[in-house]
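Results of the structural survey
The chain contents come next:
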Amino acid sequence: MRDLDEVFAALDRNAFRRRQVLGAKDRRYLQQRGLDTVLQHAADFVARRLADAQPVNDGRQTPWRGHPVFTAQHATATCCRGCLAQWHAIEAGRPLTDDERRYVVEVIGRWLRRHAVSAER
Ligand SMILES: [Zn+2]
């Protein structure tokens, strides 16, 4: 796991990650459900799609749309174990620890808080 300020500084320098923004539907969903609920969904997605040593369809398990957390995952490189290894120094090939699961949800939450209110990055 890396320092979050460093990770976010690096993400901000990456054109592909910067292009990932919340659509109107995602922002509405966030407002209606609230960040706490949405982050519970995030914890659930992490548990079901990322936490195993060998997640099913790893590299393609995170949809491109349909939930604000999916967008946040692509924006923060928490979409698959390859990105977690490359960007967050969380090695692939073994289950995520509880701390790592919490860390991933924290990354997603930090990005969502920053992007929930305005459409700008
Ligand atoms: Zn990925």
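Figured I'd write up the structure that's included with this text. Remember, predicted model here, so these are calculated numbers, not experimental data.

1. Looking at the overall build of the protein chain
Of regular secondary structure, the protein chain possesses seven helices and zero strands. For the protein chain, the sequential pattern of α-helices and β-strands runs α-α-α-α-α-α-α. In terms of overall dimensions, the protein chain has C-alpha extents of about 35 × 30 × 25 Å along its principal axes. Relative to all contacts within the protein chain whose residues are 6 or more apart in sequence, the contacts with residues 24 or more apart total 69%. For the protein chain, the exposed area adds up to about 6,700 Å²; of that, 46% sits on carbon and sulfur atoms. The positive charge centre, built from 21 side chains, and the negative charge centre, built from 15, are 9 Å apart in the protein chain.

2. Looking at the coordination of the zinc ion
At this site the zinc ion is bound by C79 (SG), C80 (SG) and C83 (SG), with donor distances of 2.3 to 2.4 Å. All donors of the zinc ion come from a single chain, and their spacing in sequence reads C-C-x2-C. Of the two residues, C79 and C80, neither departs from the other in class, the shared state being buried.

3. As for helix 5 (residues 68-76)
Counting buried residues in helix 5 gives nine out of nine residues, a clear majority hidden from the surface. Listed in full, the buried residues belonging to helix 5 are P68, V69, F70, T71, A72, Q73, H74, A75 and T76. Phi for A77, located one or two positions after helix 5, is positive at around 60°.

4. A short note on the packing of aromatic side chains
Centre-to-centre distance and the angle between the planes together describe a pair of aromatic rings. The full count for this structure, using the stated rule, is two aromatic pairs. Where F16 meets W64, the ring centres are 6.1 Å apart and the plane angle is 85°; that geometry is what we call edge-to-face. Within this pair, whereas F16 is found in helix 2 (residues 15-18), its partner W64 is found in the loop between helix 4 (35-50) and helix 5, the two being separated by 48 residues in sequence. Relative accessible area serves as the criterion here: at 33%, F16 is assigned to the partly exposed category. Judged by centre distance (4.8 Å) and plane angle (35°), the rings of F45 and F70 are tilted. With F45 in helix 4 and F70 in helix 5, the pair connects residues that are 25 residues apart, well separated along the chain.

5. Here's the deal with the layout of surface pockets
In this structure, the largest pocket encloses a volume near 270 Å³. In terms of lining residues, the largest pocket is bounded by R19, Q20, V21, G23, K25, D26, Y29, W64, R65, G66, T71 and H74. Listed by contribution, the elements that provide at least two residues to the lining of the largest pocket are helix 3 (24-33) and helix 5. The class makeup of the residues in the lining of the largest pocket is three nonpolar, five polar and four charged.

Here is what the cut-offs are and how they apply
Residues numbered from 1 in each chain as written. Predicted model: local features only at pLDDT ≥ 70, side-chain atom pairs only at ≥ 80, totals over all residues. Heavy atoms only, no water. Helix = DSSP H or I, 4+ residues; strand = E, 2+ residues; numbered from the N terminus. Contact = heavy atoms within 4.5 Å. Areas by Shrake-Rupley, 256 points an atom, 1.4 Å probe, with all protein chains shown as cover. Lys, Arg positive; Asp, Glu negative; His and termini not counted. Charge placed at Lys NZ, Arg CZ, Asp CG, Glu CD. Donors = N, O, S within 2.8 Å, 3.2 Å for Na, K, Ca; no water. Buried < 20%, exposed > 50% of the residue type's maximum accessible area, 1.4 Å probe, protein only. Phe/Tyr/Trp six-rings, centres within 6.5 Å; stacked < 30°, edge-to-face > 60°. 1 Å grid on protein atoms, 1.4 Å probe; cavity = no way out; pocket = protein on both sides within 12 Å on 5 of 7 lines; lining within 4 Å. Points joined across faces, edges and corners; volume = space filled by probe spheres on them. Nonpolar A, V, L, I, M, F, W, Y, C, P; charged D, E, K, R; others polar.

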